[in-house]
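What follows is each chain in one-letter form.
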Amino acid sequence: MTTTTGIRDKRPALAKEPDASGPNRRPLARRVRDWLTAFVFTVPALVLFGLFVLAPILYALYVSFFNWGGFGSPSDFTGVDNYTRLLDDPVFLGDLWRGLLLVLLSVGIQLPFALAMAVLLNQKLRGRAFYRMLFFAPYVLSEVITGVLFAMIFAPDEGLADKTLGAVGLDSVGGLWFADQDHVLATLFLVMMWKYFGFHMMLYLAGLQGVPAELHEAARIDGAGPWQRFRHITLPLLGPTIRISVFLSVIGAIQLFDLVWVVTQGGPDHHSETLAVTLFQFGFKRYQIGYASAISIAMFLISLVFALAYQRFVLRRDTEGALTTMRGNR
């Protein structure tokens, strides 16, 4: 480079400034490509979700405003009469109470029992793999098989339960089981607990694998007993698994149908009926599709409100941690 004085400047020439449009164009193109890739991969899932989830919900909402028997097209518009009928229906209100009772029993009895079994089978016991398989096996059975099996076990007089109690001199403890209004719900819960506690036990076992053994060893050296180690180490670290287990248990109790239908069909006199059983009775037995659709919308809203509230107030810390980790790995 030569200056005006004729002396050659030995300083290196400044690099040419890049075109301002170049660097901006490339990130924009990359963002467009990322959006298109995400769009291509999510569209099939969105289409299936719309066809098999949103469309049925919207159609059920539409039908719930009609007095329709399921034949032809809905024509007898009744407005919100089906929803006001829900509030005056003792069977529907009883379903809500029974559903709440099953939720409380599941969370208060089934899950603690599953957690205790998981902690026990997480120890170094001889044959623990066999016991894990044994306790998980009922969950593998279908609800229909489970219902038929326990209908035979609790059959009055001739069932295995009554014969076993009679053999040990406890004839008065046995009885009608599923046919007795005062005991049918408790008997049904025993069947539910036998069927589903193995699933929650396996969830807790999986969670226990993530608890570092070094923490227990350090606490043992410091003089902490088994209960103190469980309370201050195992239980807090198992918190996310327990919260997911509670969520699944509550949703399952709200939507319980097949097991109840096979065993009792909601009887005797609606004393074991659930929301799903009532929906089936009105929709496919009495052909009151409009009222059954209103029940389905009520079930959907109950589940949705619970899910949103549970995620907002219970799972918030867990989901925020996951989102933070995902953002940090980007």
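Draft legend 1. Representation of the packing of aromatic side chains in the model. What the rule picks out here adds up to 24 aromatic pairs. Arranged with centres 6.0 Å apart and planes meeting at 40°, the rings of Phe-71 and Tyr-287 form a pair that is tilted. In this pair, Phe-71 sits in the loop between α1 (21–63) and α2 (81–88) while Tyr-287 sits in the loop between α12 (275–285) and α13 (289–313), placing the two residues 216 residues apart along the sequence. Measuring from centroid to centroid gives 5.7 Å for Phe-130 and Tyr-131, while their planes differ by 65°, and the two rings are edge-to-face. The exposure class assigned to Phe-130 is partly exposed, which follows from its relative accessible area of 47%. By way of ring pairs, the aromatic residues Phe-150, Phe-154, Trp-177, Phe-178 and Trp-194 are connected into one cluster. Directly above the ring of Phe-313 sits Arg-312, whose terminal nitrogen or CZ lies 5.3 Å from the centroid.

Draft legend 2. Just the nonpolar core, in detail. One finds Leu-102, Phe-154, Met-201 and Leu-256 to be the most contacted residues of the largest nonpolar core, which totals 41 residues. Among the elements that line this core, the one with the most residues is helix α7 (residues 184–208), at 13 residues. Setting aside residues no more than four positions away along its own chain, Met-201 makes contact with Ala-114, Met-117, Ala-118, Leu-121, Arg-132, Phe-135 and Phe-136. With eleven residues, the next largest nonpolar core counts Phe-92, Leu-275, Ala-292 and Ala-294 among its residues.

Draft legend 3. The layout of surface pockets, seen in detail. Here the largest pocket is characterised by a volume of approximately 580 Å³. Taken together, 17 residues form the lining of the largest pocket, with Asn-122, Gln-123, His-216, Arg-220 and Thr-234 sitting closest to its centre. Every element with two or more residues in the lining of the largest pocket is listed here: α4 (128–140), α8 (213–221) and α9 (226–237). Taken together, the residues of the lining of the largest pocket break down into six nonpolar, five polar and six charged. Put simply, the second largest pocket is a space of about 310 Å³. Every element with two or more residues in the lining of the second largest pocket is listed here: α3 (90–121), α7 and α10 (239–254). Counted by class, the lining of the second largest pocket contains eight nonpolar, six polar and two charged residues.

Draft legend 4. How the structure looks around the confidence of the model for the protein chain. Looking at the protein chain, the pLDDT average stands at 87 and 89% of residues meet or exceed 70. Note that pLDDT drops below 50 for residues 20–24; the model gives that stretch zero contacts with residues more than four away or on any other chain. In this model, residues 323–328 is a region of pLDDT below 50 whose contacts with residues beyond four sequence positions or in other chains number zero contacts.

Draft legend 5. Up close: a nonpolar patch on the surface. A cluster of nonpolar side chains, contributed by Val-47, Leu-48, Phe-49, Leu-51, Phe-52, Val-53, Leu-54, Leu-58 and Leu-61, occupies part of the molecular surface with about 850 Å² of accessible area. Structurally, Leu-48 can be placed in helix α1.

Draft legend 6. Structural context of the side chain of His-216. Topologically, His-216 is positioned in helix α8. Exposure remark for His-216: the relative accessible area of 19% places this residue in the buried category. Those residues in contact with His-216, other than ones at most four positions away along the chain, are Val-211, Arg-229, Ile-233 and Thr-234.

Draft legend 7. Quick peek at the packing of α4 against α7. Running from N to C, α4 and α7 cross one another at 130°; their axes reach a closest spacing of 6 Å. As far as their axial angle goes, α7 and α4 are oblique. Crossing hand, α4 versus α7: left-handed. Of α7, the residues touching α4 (which contributes Arg-132, Phe-135, Phe-136, Pro-138 and Tyr-139) are Trp-194, Lys-195, Tyr-196, Phe-197, Gly-198, Phe-199, Met-201, Met-202 and Leu-205. Looking at the contact of α4 with α7 residue by residue, the class counts come to eleven nonpolar, one polar and two charged.

Basis of the calculations
- Residues numbered from 1 in each chain as written.
- Predicted model: local features only at pLDDT ≥ 70, side-chain atom pairs only at ≥ 80, totals over all residues.
- Heavy atoms only, no water.
- Phe/Tyr/Trp six-rings, centres within 6.5 Å; stacked < 30°, edge-to-face > 60°.
- Helix = DSSP H or I, 4+ residues; strand = E, 2+ residues; numbered from the N terminus.
- Buried < 20%, exposed > 50% of the residue type's maximum accessible area, 1.4 Å probe, protein only.
- Lys NZ or Arg CZ within 6 Å of the ring centre and 35° of its normal.
- Core = buried A, V, L, I, M, F, W, Y, C linked by side-chain atoms within 4.5 Å.
- Contact = heavy atoms within 4.5 Å.
- 1 Å grid on protein atoms, 1.4 Å probe; cavity = no way out; pocket = protein on both sides within 12 Å on 5 of 7 lines; lining within 4 Å.
- Points joined across faces, edges and corners; volume = space filled by probe spheres on them.
- Nonpolar A, V, L, I, M, F, W, Y, C, P; charged D, E, K, R; others polar.
- pLDDT = per-residue confidence, 0-100.
- Patch = residues over 30% accessible without salt bridge, like charges linked within 9 Å, V, L, I, M, F, W, Y side chains within 5 Å.
- Areas by Shrake-Rupley, 256 points an atom, 1.4 Å probe, with all protein chains shown as cover.
- Salt bridge = Lys/Arg side-chain N within 4 Å of Asp/Glu carboxyl O.
- Axes fitted to C-alpha atoms, helices over the stretch in contact; angles between N-to-C directions.
- Parallel < 35°, antiparallel > 145°, perpendicular 65-115°, else oblique.
- Left-handed = near helix turned anticlockwise from the far one by under 90°.

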